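# Summary of structural features
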Amino acid sequence: MNWLTNKVLPKFRQLTTKQDTPDNLWVKCPDCGQMLFHNDLQANQNVCNHCDYHMRVSPTERFDALFDDAKYDLIELPEVAVDPLKFRDSKRYTERLKDARNKTGDIDAMKVAHGKMGGNSAVIAVQNFDFMGGSLGLAVGEAIVAASKLAVLQKAPLILFSAAGGARMQEGILSLMQMPRTTVAIQRLKESRLPFIVVLTDPTTGGVTASYAMLGDIQIAEPGALICFAGPRVIEETIRETLPDGFQRAEFLLEHGMLDMVVHRQDMRETLCRVIDLLGTKLKLPPVVQKNNGKKSAKESDSEKAADGKATSTSKK
């Protein structure tokens, strides 16, 4: 009996037990509902290969896709006061922060890195929507200020990827004050004649849109990104009218002059590298050929005389 219990039954159980399948092997596209294999989705930079829907990506995935050979250095961001207002709704603000940090592995909603893009130095700041909706608070404000200082120090362009639902309500007026603070930080870049490039991703709304997200020297957006201050549903309920199709989406804003271009995620790195080159970090003018103070050499004068002689003989014929 021991032989049956210890040897035979475990083997039967092993053969008949259903193997658990990992939950993250397949991802459902939020737009078309197609099931996508996670390896194929990552290889396509989190873009649905059926409907071209651009899913949200983490700051680390952004950095790996943009910097040369995925090599970059993260900067240590300044520490800020945690829960300065002792805010509580259905949960304490400190508990929400703890949950968001455990979920994303980040301290707050923005990360900043510097490295090379197409051989040029660049500073990139990326908002993470998975961290409390990418909301603008004290930490995000300090991150943008630190990124602008680093860009000025390195004489490099600052590229910012925005993704947020607006200001962080748990920080009240302190979060709203980050709007003018970040505006001043961007102004320092412009005073130093350094490019500030904004890439608006889905979604970019609220106080973020009302401040640094719309101050770029060049405004780029990903396809289908929602870009607005108040959302379409709020506007429809306020004015009680039906909005046009695609209202407040990237293509609609491009058509109405609020954006410079809409760029597919797979073309983003190449586009940004080209823009940085054109804005001056690697642009070289052709050398000016000096003509010996206006005097022509003997070879130049002889060649010109020969050319004139040919022209004269051709006209006589």
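Residues numbered from 1 in each chain as written. Predicted model: local features only at pLDDT ≥ 70, side-chain atom pairs only at ≥ 80, totals over all residues. Heavy atoms only, no water.

## What about the overall build of the chain?
For the chain, the helix and strand inventory stands at 11 helices and nine strands. When the 317 residues of the chain are sorted by exposure, 38% land in the buried category. Within the chain, contacts between residues separated by at least 24 positions form 66% of all contacts whose residues are at least 6 apart in sequence. (Helix = DSSP H or I, 4+ residues; strand = E, 2+ residues; numbered from the N terminus. Buried < 20%, exposed > 50% of the residue type's maximum accessible area, 1.4 Å probe, protein only. Contact = heavy atoms within 4.5 Å.)

## Here we look at the environment of D64
Its location among the elements puts D64 in helix 3 (residues 59-66). If near-sequence neighbours (up to four positions away) are discounted, D64 is found in contact with A70 and Y72.

## Let's talk about the sheet that holds strand 8 (residues 218-221)
Paired through backbone hydrogen bonds, the strands of a sheet run either parallel or antiparallel to each other. Ordered by their spatial adjacency, seven strands build an open sheet running 3-4-5-6-7-8-9, and the pairing between neighbours is mixed. Two strands in the sheet have a free side with no partner beyond their single neighbour: strand 3 (72-74) and strand 9 (261-262). Two elements, strand 7 (residues 196-204) and strand 8, share four bridges in a ladder whose sense is parallel. If you follow I197 over to strand 8, its bridge partner there is I218. Each of strand 4 (110-117), strand 5 (120-127) and strand 6 (158-164) touches helix 5 (residues 138-154); the most contacted strand, strand 4, lies at about 20° to it. (Pairing = 2+ DSSP bridges. Axes fitted to C-alpha atoms, helices over the stretch in contact; angles between N-to-C directions.)

## Details of the pattern of salt bridges
Taken as a whole and judged by the stated rule, the model has 13 salt bridges. With its nearest N and O atoms 3.4 Å apart, the salt bridge here joins D202 to R249. Here R249 lies in the loop between helix 8 (232-239) and helix 9 (250-255) and D202 lies in strand 7, a separation of 47 residues in the sequence. Of the residues examined, D202 reaches a relative accessible area of 14% and is grouped as buried. Residue class for R249 comes out partly exposed when judged on its relative accessible area of 32%. Each of R56, D202 and R249 takes part in salt bridges that share partners, so that together they form one network. (Salt bridge = Lys/Arg side-chain N within 4 Å of Asp/Glu carboxyl O.)

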